[in-house]
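Letter by letter, the chains look like this.
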Amino acid sequence: MLTDIEIAQAAELKKIREIAAEMGLTEDDVESYGNYMGKFSDSYLKKIQDRPFGKLILVTAINPTPAGEGKTTVTIGLGDALRRAGKKVMIALREPSLGPCFGIKGGAAGGGYSQVVPMENLNLHFTGDFHAITSANNLLAAALDNHLQQGNSLGIDPKRIVLKRCLDMNDRALRNIVIGMGKRTDGVVREDHFIITVATEVMAILCLSEDLTDLQERLSRIIVAYTYQGKPVTAADLKVVGAMAVLLKDAIRPNLIQTLEHTPAIVHGGPFANIAHGCNSVRATKTALRSADYVVTEAGFGADLGAEKFLDIKCRMAGLKPDAAVLVATVRALKYNGGIPKDQLSEENIDALGKGICNLGKHIENLKKFGLPVVVTLNRFVSDTEAEIEYIRAYCAERGCSLTVSEVWAKGGAGGAELAEAVLKLVDAGESDYHPIYDTALSLDEKIRTISREIYGAKDVEYSPEAKKAIADLTALGFGELPVCMAKTQYSLSDDPKLLGRPEGFTVNIREVYVSAGAGFVVCIAGSIMTMPGLPKVPAAERIGIDENGRTTGLF
């Protein structure tokens, strides 16, 4: 059996200009980055800004196993299947982070015969967007420390610096560091921290900005620290917003690549859904919606994370109205939620399936709370049995949802025909009544409790003394009516990764709250979630290499 990278390397790709031409684009509409990658030009983005939107289809998932359940694979396969059905379709995805690429999950370009390519470029440096975001964030950090060194005329309290440096890598040793050691000319000694690039506010800002003007306005609002008197100090106060925008001027333009079946795919931006808002850029989604009749997009991790933030933050801010939701499940993840160890997930176990399927039920309920019509699709593994599949089908039917079986990993778009038919039926029925789960006029506490109770199923919410004070301070500063971005584990509906299935009677513990004023939301960190992940005992990096012909090996 071929690996994902072997399948990708054997594929016959079309030149990116040929993909663009098939979309009706001219040579001036896309700037090539090599033969198979491109960025949309500013002139094209302006040319299409008054076009009506196509139909928007969200792909999300149940709570996954640590290996993931193929949500991106299904998203790509559905796009290919819709194209096979004669539809003008585009796929809109996030860019992979090097952190998980070299950590646990390996590559993130889909899998099997349902991939976006060139897979190696996408998983590694791609078009340099993440480098630009990292550089812009760290320029701001450097300007902040230089300000302290040069006299601190703004009166910044070194104990109340909230901006963190970043790196697009899992590196736990950088979570808590001391900087400025050495001579007096080497800077002010203080405690500092690193987070992963995909968790930065700069990443969130790039993904939520409508254009360069909006980007600069949002960058200027980033709060980097507070003064001794408690006044916020922003990026605008440090006078480097223009320089940051210059670093990001190309990164803000969406990227165009293709699937193995040559379906056009926009891959742009990449915030994590467990520690950020988990959606590709607004510009990417709107570009796709104005360039195609159907757009298939995904939101990270389970529906309790990515989909909630897509629907409560991104769609609200960008004025998007999704037409349907696809909920991806796997037999193995349902058995995992039923308490079965990872090494036993390939064995038929209807009892475990029955215990874990309540997780699927909760996610169906949640998506319907947002007013979305839902179709469940089972990303099929070779170990799945007919008895297990029929058990899930009956469960979905009881909840008013159809179940389709997706075999896009093995068969590409042909394996998504059933899913594509079901999605078209939902979309054409026009039954979407999308609405966010809460009103932003509610207090921060009420919004946090609404998500915790309605989406997670929690009984109560508890705050650390620091989080409680932060909520009061942010409300006093005028940030009380912003949406909230919940950072928690992806493995459970709760904030405890060990509480699988559909836990009840639990309390969500909020330990930290801070504002991303430029992005436009308040971040609430629940449980022990880390904004700088670490590598596992045996990281994926150990199996990745390059042969004598320059071909990458082991990248999933």
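Before going into details, it helps to say that this report is about the structure given with it. None of the values given here were measured: they were computed from a predicted structure.

1. A look at the packing of helix H9 (residues 212-220) against helix H11 (residues 241-248)
Working note: a packed helix pair is described by the angle between its axes plus the distance between those axes. Put simply, H9 and H11 touch, their axes get as near as 9 Å, and they point 135° apart. By the angle between their directions, the pair H9 and H11 is classed as oblique. Every pair of crossing elements has a handedness; the one defined by H9 and H11 is right-handed. For the pair formed by H9 and H11, the contact residues are Leu 215, Gln 216, Leu 219 and Ser 220 on the first element and Val 241, Gly 242, Met 244, Ala 245 and Leu 248 on the second.

2. Comments concerning unusual backbone geometry
Each neighbour pair has its own omega, and for Val 117 with Pro 118 the value is 10°, a cis peptide bond. With respect to the element layout, Pro 118 can be found in the loop between strand S6 (114-117) and helix H6 (119-123). Phi at Lys 239 takes a positive value of approximately 65°, unusual for a residue other than glycine. Tracing the backbone shows Lys 239 in the loop between helix H10 (235-238) and H11. A positive phi angle is found at His 262, which is not glycine, with a value near 70°.

3. Concerning the packing of aromatic side chains
Scanning the model with the defined rule gives one aromatic pair in all. Arranged with centres 5.4 Å apart and planes meeting at 20°, the rings of Phe 40 and Tyr 44 form a pair that is stacked. You can call Phe 40 buried: its relative accessible area is 0%. Across the ring face of Tyr 226, the terminal group of Arg 160 is positioned such that the distance to the ring centre comes to 4.5 Å. Taking NZ or CZ as reference, Arg 399 lies 3.5 Å from the ring centre of Tyr 395, over its face.

4. Observations concerning the nonpolar core
Judged by nonpolar contacts, the single largest core of 137 residues is most densely connected at Phe 40, Leu 248, Leu 360, Ile 392 and Ile 510. Looking at which element gives the most residues to this core, the answer is helix H7 (residues 129-149), with nine residues. Every residue in contact with Leu 360, bar those within four places of it in the chain, is listed here: Ile 62, Leu 327, Ala 329, Leu 334, Val 376, Ile 392, Tyr 395 and Cys 396.

5. Some words on the environment of Val 408
For Val 408, the location among the structural elements is in helix H18 (residues 408-411). For Val 408, a relative accessible area of 1% corresponds to the buried category. Considered as a pair, Val 408 and Gly 68 are 340 residues apart in the sequence and their alpha carbons are 16 Å apart. Not counting chain neighbours up to four residues away, the residues in contact with Val 408 comprise Thr 73, Val 74, Gly 77, Tyr 113, Ser 114, Gly 415 and Gly 416.

6. Thoughts on the pattern of salt bridges
Scanning the model with the defined rule gives 30 salt bridges in all. A salt bridge links Glu 454 to Lys 369; the nearest nitrogen and oxygen atoms lie 3.1 Å apart. With Glu 454 in helix H20 (residues 444-456) and Lys 369 in helix H16 (residues 358-369), the pair connects residues that are 85 residues apart, well separated along the chain. Classification of Glu 454 as partly exposed rests on a relative accessible area of 33%. Take Lys 369: its relative accessible area is 27%, and that puts it in the partly exposed class. A single salt-bridge network, built from bridges that share partners, covers Glu 31, Lys 249, Asp 250 and Arg 253.

Reading the values: the criteria
- The residue count restarts for each chain, going from 1 along the sequence in the order it is written.
- In keeping with the model being predicted, local features are shown solely for residues with a pLDDT of at least 70 and side-chain atom pairs are shown and tallied solely at 80 or more, while totals for entire chains, interfaces and linings include all residues.
- With hydrogens and water stripped out, all remaining heavy atoms of the structure feed into the side-chain values.
- Helix axes use the C-alpha atoms of the stretch in contact, all axes being lines fitted to C-alpha atoms, and the angles between their N-to-C directions lie in the range 0 to 180 degrees.
- Under the DSSP-based scheme used, a helix requires at least four consecutive residues in state H or I and a strand at least two consecutive residues in state E, with every element numbered from the N terminus.
- Working rule for angles: under 35 degrees goes down as roughly parallel, over 145 as roughly antiparallel, 65 to 115 as roughly perpendicular, anything else as oblique.
- If you view the pair so one helix is near and one far, a crossing is left-handed when the near helix is turned anticlockwise from the far one by less than a right angle, and right-handed when it is turned clockwise.
- Whether two residues touch is decided by their heavy atoms; if any such pair falls within 4.5 Å, the residues are in contact.
- Between the rings of Phe, Tyr and Trp (Trp by its six-membered ring), a pair exists once the centres lie within 6.5 Å; its type follows the angle of the planes, with under 30 degrees stacked, over 60 edge-to-face, and the other angles tilted.
- The rule is simple: take the accessible area with a 1.4 Å probe, protein chains only, and divide by the maximum for that residue type; under 20% is buried, over 50% is exposed, in between is partly exposed.
- Note on criteria: charge over ring means Lys NZ or Arg CZ within 6 Å of the ring centre, with the direction from the centre no more than 35 degrees off the ring normal.
- Take the buried Ala, Val, Leu, Ile, Met, Phe, Trp, Tyr and Cys residues and link them wherever side-chain atoms come within 4.5 Å; each set so joined is a nonpolar core.
- Any Lys or Arg side-chain nitrogen found within 4 Å of a carboxyl oxygen on Asp or Glu counts as a salt bridge.

Geometric descriptors of this kind do not, in isolation, establish any biological role.
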